[in-house]
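For reference, the chains in residue letters:
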Amino acid sequence: MSRIVKHPVIALLDSGTPFKEVRQIHAKLVVDGTLNDDHLVGQFVKAVALSDQKHLDYANQILDRSDKPTLFALNSMIRAHCKSPVPEKSFDFYRKILHSDLKPDNYTVNFLVQACTGMGMRETGLQVHAMVTACARCGDVGFARKLFEEMPEKDPIAWNAMISGYAQVGESREALDLFHLMQLEGVKVNAVSMISVMSACTQLGALDQGRWGHSYIERNKIKITVRLGTTLVDLYAKCGDMNRAMEVFWGLEEKNVYTWSSALNGFAMNGFGEKCLELFSLMKRDGVTPNAVTFVSVLRGCSVVGLVDEGQRHFDSMRDEFGIEPQLDHYGCLVDLYARAGHLEEAVGIIQRMPMKPHAAVWSSVLHASRMYKNLELGVLASKKMLELETTNHGAYVMLSNIYAESDNWENVSHVRQSMKSRGVRKEPGCSVMEVNGEVHEFFVGDKSHPRYTEIESFWKEISRRLRLAGYKADTSPVMFDIDEEEKEDALCLHSEKAAIAFGIMSLKEDVPIRIVKNLRVCGDCHQVSMMISKIFDREIIVRDRNRFHHFKDGRCSCNGFW
């Protein structure tokens, strides 16, 4: 808010200007075209808003007529409201800033801090929560943290809001770091805190830290509410430990439909489709009415074990038996069910008959199945449909390129690469995260920054030697280049999952499963390597990729060959 020379008519407004004169000035500015200038609109909004609190609504009406409000105008409204009887309305204008091309500045921060002070005078706990939570929910945790740090006193509600904000936007490490700081500060931890902490552990796949958190809950006798219990079930399920997830599930005094649905989803994600359906039957016998979320898990359970007819029956029962109208996610699961089972034409037929427009994930199921079942024509169609919906979806380009590469159509591979380049699309770098002794380690494709990289690289050479002795031949289809096989194998050696597996074997006891969370789908070569390593080194490897779990043990995988 640098110093601005006021328009002479706008300068007539002051704290004593009656509303009638405000309207007259407004009319004059409209007639002479002054308010065609967004910057002058900002000046006028500020003058009206600050002249009298009774004029705030009118100032807002003026602002609403501006096609492109300036930061100056929005900051002025935040400033005016922070001193009003309703300081919480300052956040309405802050949200407008976040949802525009504008960026908050120091004035924005200072005025919002004043608004928080005004709110805190009346309802400290709830309003401080709204100080921080509103910012976090808008996705601006950096700004929320700045507000949080400027608070003279931070009560448990403020700490919980900040930790929750980090967890909600996926900044899990920051959530856990803040939780540890909360403990050092001696702030009382409650069930709300632990829900956010457990959610952060779930996102990272940090099972050891999750176990520690669960023990902390028990040691400190924190009441396990239905929501906290459901979060614990979700933690263990999404870290691949379904035995522990179900121990928690059966031990809960109270369960709701979301608790049951979390357990069902855990079985489905981990490839235990039959157990998912058994639990669903038990849920209905127990008198718990399934909801839309439940049926997503049930349909996924049918899909992972190829129970097409049963899946179709459950889909039909949503509307016929429970009065639930299937939504896009349910149709997506149905398409995946048919596609995985090789019924590709039926899967496409479902998409064509859907009562809503499909999203890219629906066509992605067809694309992956087309590659699995060597249907080039349908694979090309599916990838093109995906790119119509998401022009920068790197996965569709990569999969289409792989389909062409597998048929040795290098001309079309080149076309795909050129298309990616011209549209500015880059392949998302692979990242694998794993936890060793409570510490989270990240591995990126081609990255050498890990402190033990030299040891990992050396050990991977030994793993590669033993793989070749066991008959390993690299699946080079994921490599998008027309280069010789040796070069392709070198490119595959850089995949993040392989570095994580090598580090896991080096660092974990033989009876401890190697748990990895990956941001991309497992490629064919990494899938083959993981199966072979599980047998050669007698290690259990559990990988959670962006779609599902893969449990590798004794040379086999829970995905039954479809990943």
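Bear in mind the structure is a predicted one, so any value in this text is a computation, not a measurement.

*Asks:* Lay out the overall build of the chain with the relevant residues and their values.
*Replies:* In terms of regular secondary structure, the chain is built from 27 helices and six strands. Taken over the C-alpha atoms alone, the chain extends approximately 90 × 60 × 60 Å along its principal axes. Across the 563 residues that make up the chain, the buried fraction comes to 53%. Put simply, of all contacts in the chain between residues at least 6 apart along the chain, 63% involve residues at least 24 apart.

*Asks:* So what's going on with the UniProt feature "repeat: PPR" (unreviewed entry) in the chain? Residues and values would help.
*Replies:* As annotated by UniProt and renumbered to match this structure, "repeat: PPR" (unreviewed entry) occupies residues 70-104, 155-189 and 256-290. The straight-line gap between the two end C-alpha atoms of residues 70-104 is 11 Å; of that span, 60% is helix and 0% is strand. As annotated, residues 256-290 has a helix share of 74% and a strand share of 0%, and its two end C-alpha atoms lie 10 Å apart.

*Asks:* Go over the sheet that holds strand S4 (residues 541-544), please, and point to the residues and values.
*Replies:* Taken together, the six strands give an open sheet; going across it, the order is S2-S1-S3-S4-S5-S6, and neighbouring strands pair in mixed fashion. At either end of the open sheet lies a strand with only one pairing partner, and these are strand S2 (439-444) and strand S6 (556-557). Examined bridge by bridge, strand S1 (residues 431-436) and S2 share six bridges and lie antiparallel to one another. Counterpart to glutamate 435 in the pairing with S2 is valine 440. Running over the sheet, helix H11 (residues 207-219) touches S1, S2 and strand S3 (514-518) and is turned about 45 degrees from S1.

*Asks:* Tell me about the packing of aromatic side chains, and please be specific about residues and values.
*Replies:* The geometry of an aromatic ring pair is captured by two quantities: the separation of the ring centres and the angle between the planes. Throughout the structure, instances matching the rule amount to 15 aromatic pairs. Aromatic side chains phenylalanine 249 and tryptophan 250 sit 4.8 Å apart centroid to centroid with 80 degrees between the ring planes, which places their arrangement in the edge-to-face category. Taking 5.6 Å as the distance between ring centres and 55 degrees as the angle between the ring planes, the aromatic pair formed by phenylalanine 295 and phenylalanine 322 counts as tilted. Of the two residues, phenylalanine 295 is situated in helix H16 (residues 292-304) and phenylalanine 322 in helix H17 (residues 308-322); the sequence distance between them amounts to 27 residues.

*Asks:* Quick rundown of the pairing of strand S5 (residues 549-553)? Include the residues and the values.
*Replies:* S5 sits mainly inside the fold: four of its five residues count as buried. Note that S4 and S5 share four bridges and pair antiparallel. The residue bridging isoleucine 541 from the neighbouring strand is phenylalanine 552, located in S5. Two successive antiparallel strands, S4 and S5, enclose a turn made up of four residues. Examined bridge by bridge, S5 and S6 share two bridges and lie antiparallel to one another. In the sheet register, lysine 553 faces S6, and the bridge partner there is arginine 556.

*Asks:* Please set out unusual backbone geometry residue by residue, giving values where relevant.
*Replies:* In this model, lysine 221 sits at a positive phi of 50 degrees, which is unusual for a non-glycine residue. Position of lysine 221 relative to the elements: it lies in the loop between H11 and helix H12 (226-238).

*Asks:* Any chance you could break down the pattern of salt bridges for me, citing the residues and the numbers?
*Replies:* If you walk through the whole model with that rule in mind, you get 13 salt bridges. Aspartate 525 is paired through a salt bridge with lysine 498; the nearest N and O atoms lie 2.4 Å apart. On the criterion of sequence distance, the pair formed by aspartate 525 in helix H27 (residues 524-536) and lysine 498 in helix H26 (residues 496-507) is long-range, its members being 27 residues apart. The pair aspartate 525 / lysine 498 is uniform in exposure class, with both members buried. The network of salt bridges with common partners includes Asp208, Arg211 and Asp241.

*Asks:* Outline the nonpolar core, listing residues and values.
*Replies:* The tendency in soluble globular proteins is for nonpolar side chains to be buried side by side. Core analysis: the biggest nonpolar cluster contains 135 residues, and Phe44, Met194, Ile222, Leu279 and Val366 have the highest contact counts within it. Considering every element that reaches this core, the biggest residue donor is helix H10 (residues 191-204), with eight residues. Among all residues touching isoleucine 222, those that are not within four sequence positions of it are Val189, Asn190, Ala191, Met194, Tyr216, Ile217 and Leu228. With 29 residues, the next largest nonpolar core counts Trp460, Ala502, Ile514 and Cys523 among its residues.

Rules behind the numbers
- Along each chain, residue indices are assigned from 1 in the same order as the chain's sequence is written.
- At least 70 in pLDDT is required for a residue's local features to be given in this predicted model, at least 80 for side-chain atom pairs to be given and counted, and no such filter applies to totals for whole chains, interfaces and linings, which use all residues.
- Side-chain figures throughout are based on the complete set of non-hydrogen atoms in the structure, without hydrogens or water.
- Helix and strand assignments follow DSSP, with helices taken as H or I runs no shorter than four residues and strands as E runs no shorter than two, numbered in order from the N terminus.
- Whether a residue is buried, partly exposed or exposed follows from its accessible area with a 1.4 Å probe, protein chains only, as a fraction of its type maximum: under 20%, in between, or over 50%, in that order.
- Note on contacts: a residue pair is in contact if any heavy atoms of the two residues lie within 4.5 Å.
- UniProt positions are given in the numbering used here, feature names are shortened, and annotations may be inferred rather than shown by experiment.
- Strand pairing requires that DSSP identify at least two bridges connecting the strands.
- With axes taken as lines fitted to C-alpha atoms, and helix axes fitted only over the stretch in contact, angles between N-to-C directions fall between 0 and 180 degrees.
- For Phe, Tyr and Trp, rings pair up if their centres lie within 6.5 Å, where Trp contributes its six-membered ring, and each pair is then called stacked (planes under 30 degrees apart), edge-to-face (over 60) or tilted (otherwise).
- By definition here, a salt bridge exists when the distance from a side-chain nitrogen of Lys or Arg to a carboxyl oxygen of Asp or Glu is within 4 Å.
- Only buried residues count toward a nonpolar core, which is a set of Ala, Val, Leu, Ile, Met, Phe, Trp, Tyr and Cys residues joined through side-chain atoms within 4.5 Å.

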